[in-house]
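Structural description and commentary
Here's the letter readout for the chains.
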Amino acid sequence: MPLDQKPLPAQPSADSGPDRTGGQDAVDETAGAAGAATGGAADDAREPVAGPGAWDVRQAGPWTHRDLAANGARFHIAELGTGPLVLLVHGWPEYWWAWRHQLTALAEAGYRAVALDLRGIGGSDRTPRGYDPGNLALDVTGVIRSLGENRAHLVGHASGGTLAWVAAVMRPSVIQSLTVVSAAHPRDLRRALLTDRRQMAAFEHVLGFQRPWIPERRLVADDAALVGRYLDAWTGRNQLDRTAVAAYRQAIQIPSTAHCSIEPYRWLLRSMARPDGIQFARRMKKPITAPTLHVQGASDPVLLSHTALGGGEYVAAPYRWRLMPGIGHFPHEEAPEEFTAELLDWIGRHKD
């Protein structure tokens, strides 16, 4: 069955990069170049080129847009600066644009900052499968290798933070330091979703994602108004700027994105009693050897603070817990200066 939603008038233009043939590892793009996403996840069809003035996932800025081949798919990145690599991985319902503040700050501080679009989101490929945490974490570490680096400082928010935990377990030699934002360790999250009614209630939207087809239609309806309501409800005292909210509403409407972006949440709940989910939970017992900064908004209504607290139990390396008062689910956007200062201090301590 096709995964595409009905195209809307203002869509990003089709990617001018190569198809996923596994040939060229990286394709340079100028900032703001036309082309964002592949088309349907089921058949990899390309979307027709949009007219002048159409919204584009590859927003212009000081960064450069590129496509990379990794783990059997094509990934879009925005890159700025030179120096040690810092890879930034977004959460739901965002895409690479969530890290715009950190991209510039990291580059100015002497780092090579790269913001990734995860599989199924933004300008990256929408594949029909591959949305379990193990494969998505291999996407992340594969991108590090495709960037020509052996190690990186990995930063992940929400679902991207979950993948950061997983990548640090699966490929420890690749992760120089870990910064996890608004994401509990996978074992702590699993435990909370099985035993904590407050956390279950906070994940009400994830429970709703388990139905077939209906969630996708609701997410894109009325110009993705539901996504805008989620973003507003999940922030603390500092609301996200309206330009960013509008961009995230546009991004979820790219054909197949609504479906692909919630597939990891479907795996999360449906796998709990399955052998693959149980095996994954056992594998995540392995201690993390990367120095870990764990950032949590005290007013986060999605991932509750007491669920996130305790991640240090799984870290056999320096660990810092940072609770940000009055901040909701998006610390990197709600308090970008404060968050970036914490991040720069942490990776600066673990450069070598």
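Residues numbered from 1 in each chain as written. Predicted model: local features only at pLDDT ≥ 70, side-chain atom pairs only at ≥ 80, totals over all residues. Heavy atoms only, no water.

1. Details of the pairing of strand β5 (residues 112-116)
Here is the rule we go by: Burial here depends on accessible area, computed with a 1.4 Å probe over protein chains only, as a share of the maximum for the residue type. Under 20% is buried, over 50% is exposed, and the range in between is partly exposed. The numbering of helices and of strands both runs from the N terminus, where a helix is a DSSP run of H or I of at least 4 residues and a strand a run of E of at least 2. For two strands to be treated as a pair, DSSP must find no fewer than two bridges joining them.
Counting buried positions over the five residues of β5 gives five, a clear majority of the element. Because side chains alternate across β5, one face comprises the buried residues Arg112, Val114 and Leu116, and the other comprises Ala113 and Ala115, equally buried. As judged from the four bridges shared by strand β3 (residues 73-80) and β5, these two strands associate in the antiparallel manner. Note on β5: the bridge partner recorded for Ile77 is Leu116.

2. Quick look at the pairing of strand β2 (residues 64-70)
With five of seven residues buried, β2 lies mostly within the body of the structure. Of the strand pairs in this sheet, β2 and β3 are connected by seven bridges, and their pairing is antiparallel. Directly across from Asp67, in β3, lies its bridge partner His76. Between the end of β2 and the start of β3, which pair antiparallel, lie two residues, with Asn71 showing a positive phi angle near 50°.

3. Things to note about the nonpolar core
Rules: In plain words, nonpolar cores are sets of buried Ala, Val, Leu, Ile, Met, Phe, Trp, Tyr and Cys residues tied together by side-chain atoms within 4.5 Å. Residue contacts are defined here by distance: any two heavy atoms, one from each residue, within 4.5 Å place the two residues in contact.
Tyr95 and Leu178 are the most contacted members of the largest nonpolar core, which totals 102 residues. At eight residues, the largest contribution of residues to this core is made by helix α3 (residues 159-170). Those residues within four positions of Leu178 in sequence are excluded, and the remaining contacts are Leu154, Ala164, Trp165, Ala168, Ile288, Ala290, Pro291, Thr292, Leu293 and Trp346.

4. Notes on the packing of helix α7 (residues 214-233) against helix α9 (residues 257-270)
What counts here: Note on definitions: angles span 0 to 180 degrees between N-to-C directions of axes, and those axes are lines fitted to C-alpha atoms, for helices only across the stretch in contact. If an angle is under 35 degrees, it is roughly parallel; if it is over 145, roughly antiparallel; if it lies from 65 to 115, roughly perpendicular; otherwise it is oblique. In this scheme, a crossing is called left-handed if the near helix is turned counterclockwise away from the far one by less than a right angle; it is called right-handed if the turn is clockwise. Here the nonpolar group is Ala, Val, Leu, Ile, Met, Phe, Trp, Tyr, Cys and Pro; Asp, Glu, Lys and Arg are the charged ones; every other residue, Gly included, is treated as polar.
Relative to each other, α7 and α9 sit at 130°, their axes nearing to 10 Å. Taken as axis vectors, α7 and α9 run oblique relative to one another. Judged by the sense of rotation from one axis to the other, the crossing of α7 with α9 is right-handed. Counting all contacts with α7, which are made through Pro215, Glu216, Leu219 and Val220, the residues of α9 involved are Ala258, His259, Ile262 and Arg266. Class assignment of the residues belonging to the contact of α7 with α9 gives a composition of five nonpolar, one polar and two charged.

5. Quick look at the packing of aromatic side chains
Aromatic ring pairs: the centre-centre distance and the angle between the two ring planes describe each pair. To be explicit about the condition: Classification of ring pairs uses Phe, Tyr and Trp, with its six-membered ring standing for Trp, and accepts pairs whose centres are within 6.5 Å; under 30 degrees between planes counts as stacked, over 60 as edge-to-face, and the remaining range as tilted.
Evaluated as defined, the whole model comprises 14 aromatic pairs. Seen in terms of ring centroids, Trp92 and Phe209 are 5.3 Å apart; in terms of plane orientation they differ by 65°. Their pairing is edge-to-face. Taken together, the residues span a long stretch of sequence, with Trp92 in the loop between β4 (85-89) and α1 (100-108) and Phe209 in the loop between α6 (204-208) and α7 at a distance of 117 residues. A relative accessible area of 4% places Trp92 in the buried class. Of the residues examined, Phe209 reaches a relative accessible area of 2% and is grouped as buried. Relative to Tyr248, the ring of Tyr95 has its centre 5.7 Å away and its plane inclined at 80°; by these criteria the two rings are edge-to-face. One end of the pair, Tyr95, is in the loop between β4 and α1; the other, Tyr248, is in helix α8 (residues 242-252), and 153 residues separate them in sequence.

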